[in-house]
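Fold and geometry: a report
The lines below spell out each chain.
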Amino acid sequence: MARRAAGGAGPRGDDFSFVSPVVKYVLFFFNMLFWMISMVMVAVGVYARLLKHAEAAMACLAVDPTILLVVVGVLTFLITFCGCVGSLRENICLLQAFSVCLTVVFLLQLAAGVLGFIFSDKARGKVSEIINGAIVHYRDDLDLQNLIDFGQKEFSCCGGVSYKDWSQNMYFNCTAANPSRERCSVPFSCCLRDADEAVINTMCGQGMQAMSYLEASAFIYTNGCIDKLVNWIHSNLFLLGGIALGLAVPQLVGILLAQILINQIRDQIKLQLYNQQHRADPWY
């Protein structure tokens, strides 16, 4: 008793815990939400992938939207699994893995944004390669086709640099040897829209590549999507900044909560060791 009094307050009771239930379960439900979202992403991506013909799917693997969906879904699943189980089981290893992975993802996003801004010309060239690759495989993948049509309609554009980029596609190629019925044409999504048109004319782009810019501009959008996309980015910097912030905040909150919980678990382990040592002390 004298030793306990000299040393100040004795060890805390067994019912005391440094681990905050608020931090623990907020982190758990935070990860659970994104874990469920990731499972839906993977399921949708795999289902869409299985519906495609094998040959066509392999031909356009690099520009397949479903591949991106599956990859992002799997990475999110793995990261949130570590956070979900780690917080629930108070496992330091899983929480550290979650925190490190989330930090790496955040830094990669930050680096991509900074490098894209600094090396805008190279980024533009990379975007051009992606769009040209998508044009080549336009008819091979229905998901890719719908994505391109949506982009061309929304941005009122056609092709990468100009509408004549569609000659890179084997069906729209403008050479005399091309037997396709769509020779020298462009997709209907390039056509100028008529508000009074009740039914979409899917053949409105027939023979447009054979016309000059001035002639074709009366029927289709002649400007490429790359310039339209760059102009849209410049006009919506605040919107893009808000989206980037909206993506960054949950990641930073997840990292912060994980680090707080790790420190609390370590303090709890120290407390348990301290209590065990003092139970064996005859003066306790």
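Residues numbered from 1 in each chain as written. Predicted model: local features only at pLDDT ≥ 70, side-chain atom pairs only at ≥ 80, totals over all residues. Heavy atoms only, no water.

The protein chain has the name Tetraspanin in an unreviewed UniProt entry, where Spizaetus tyrannus is given as its organism. We quote the UniProt Sequence similarities (unreviewed entry) comment for the protein chain here in full: "Belongs to the tetraspanin (TM4SF) family." (UniProt positions renumbered as here; feature names shortened; annotations may be inferred.)

With that settled, the discussion passes to the UniProt feature "transmembrane region" (unreviewed entry) in the protein chain. The positions UniProt marks with the feature "transmembrane region" (unreviewed entry) are residues 25-47, 67-88, 94-119 and 237-262. End C-alpha to end C-alpha, residues 237-262 measures 37 Å, and it is 100% helix and 0% strand. (Helix = DSSP H or I, 4+ residues; strand = E, 2+ residues; numbered from the N terminus.)

Further remarks concern the packing of aromatic side chains. Going through the model one piece at a time under the given rule, you end up with ten aromatic pairs. Ring plane angle 90° and centroid distance 6.0 Å describe the contact between Phe155 and Trp232, whose orientation is recorded as edge-to-face. Of this pair, Phe155 sits in helix H7 (residues 142-155) while Trp232 sits in helix H9 (residues 225-235), and the two are 77 residues apart along the sequence. Between Tyr163 and Tyr213 the ring centres are 5.2 Å apart and the planes differ by 80°, which places this aromatic pair in the edge-to-face class. Taken together, the positions of Tyr163 in the loop between H7 and helix H8 (213-216) and Tyr213 in helix H8 put the pair 50 residues apart, joining distant regions of the chain. Classification of Tyr163 as buried rests on a relative accessible area of 0%. (Phe/Tyr/Trp six-rings, centres within 6.5 Å; stacked < 30°, edge-to-face > 60°. Buried < 20%, exposed > 50% of the residue type's maximum accessible area, 1.4 Å probe, protein only.)

Right, let's get into helix H6 (residues 120-136). For H6, built from 17 residues, the straight-helix expectation of 24 Å at 1.5 Å per residue is met to within 8% by its first-to-last C-alpha distance of 24 Å. Turning to H6, its buried residues number three or more, namely Ser128, Ile131, Ala134 and Ile135. With its buried residues spanning 125° around the axis, H6 presents them on a single face. Along H6, the residues that are exposed and aim more than 90 degrees away from the buried face are Lys122 and Glu129. In this fold, the buried residues of H6 make contact with H7 and H9. (Expected span 1.5 Å × (residues − 1). Arc of directions from axis to C-beta. Contact = heavy atoms within 4.5 Å.)

Take the state of the cysteines next. For the structure on display, the rule yields four disulfides. Here Cys158 connects covalently by a disulfide to Cys190, the sulfurs 2.1 Å from one another. Since a negative S-S torsion denotes a left-handed disulfide, the Cys158-Cys190 link at about 80° is right-handed. Of the two residues, Cys158 sits in the loop between H7 and H8 while Cys190 sits in the loop between H7 and H8, which places them 32 residues apart along the sequence. (Disulfide = S-S within 2.5 Å.)

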